[in-house]
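Analysis of the macromolecular model
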Amino acid sequence: LNDAAARLAERALAVPGLLAGAARLESLLRRARRLDVLGRREAERAALDEAKALAEVDGDPALRARALCALGWHLIRVACFAEAESILQAALALARAARDKKEEAVATGNLGIVCTALGRSVEAREHHERHLALACEAGDRLGEAAAGGNLGVVCFDIGRFDEARE
């Protein structure tokens, strides 16, 4: 069923004018997630760049934040941390402007991952603590788990082993 749905989505994206605006953007983001799982980084980046361009044309800050968060995650996966940080800072500002707590949490958590990769553990910890608070506030159990795990890694890295175990 998922394979059939993915094939239909691919065909819909290929037909000029069939999907436009937010519907096309959402389909591109789903495609990018599938390509991420498959490790097809170039195709993933192309889908994310198109999604980002569509979001900019649309102008909706929440859509722009979603597209930038997805692009930021891709940049983390390909170890382009400086570029990811810049993209995720923009996503965070847009999510806050849109009052989109879910995307704010995603951007904040991903910024924590970037800071960890760049050796900025204190800043990473602050981002992960904020991510945890946002996830709890939103009732996002998966986000809570991710934030808690990332916070544990940072606490371990800075030698706070008791806190890392919590």
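These remarks concern the structure in this document. (Residues numbered from 1 in each chain as written. Predicted model: local features only at pLDDT ≥ 70, side-chain atom pairs only at ≥ 80, totals over all residues. Heavy atoms only, no water.)

The tally for this structure, following the rule as stated, stands at zero disulfides. Cysteine C136 is unpaired, with the sulfur of C155 as its nearest cysteine sulfur at 15 Å. Owing to a relative accessible area of 40%, C136 belongs among the partly exposed residues under this scheme. C155 takes part in no disulfide bond, and the closest cysteine sulfur to it belongs to C115, at a distance of 15 Å. For C155, a relative accessible area of 2% corresponds to the buried category. (Disulfide = S-S within 2.5 Å. Buried < 20%, exposed > 50% of the residue type's maximum accessible area, 1.4 Å probe, protein only.)

Turning our attention to the packing of helix α3 (residues 41–58) against helix α4 (residues 61–77). Between α3 and α4, the least distance of the axes is 8 Å, while the angle of their chain directions is 155 degrees. One element, α3, and the other, α4, form an angle in the roughly antiparallel class. At the point where α3 passes α4, the crossing takes the left-handed sense. Residues R41, E44, R45, L48, D49, A51, K52, A55, E56 and D58 of α3 touch α4, and the partners they reach there are L63, R64, A67, L68, A70, L71, H74, L75 and R77. Its residues assigned to classes, the contact of α3 with α4 shows nine nonpolar, one polar and nine charged. (Axes fitted to C-alpha atoms, helices over the stretch in contact; angles between N-to-C directions. Helix = DSSP H or I, 4+ residues; strand = E, 2+ residues; numbered from the N terminus. Parallel < 35°, antiparallel > 145°, perpendicular 65-115°, else oblique. Left-handed = near helix turned anticlockwise from the far one by under 90°. Contact = heavy atoms within 4.5 Å. Nonpolar A, V, L, I, M, F, W, Y, C, P; charged D, E, K, R; others polar.)

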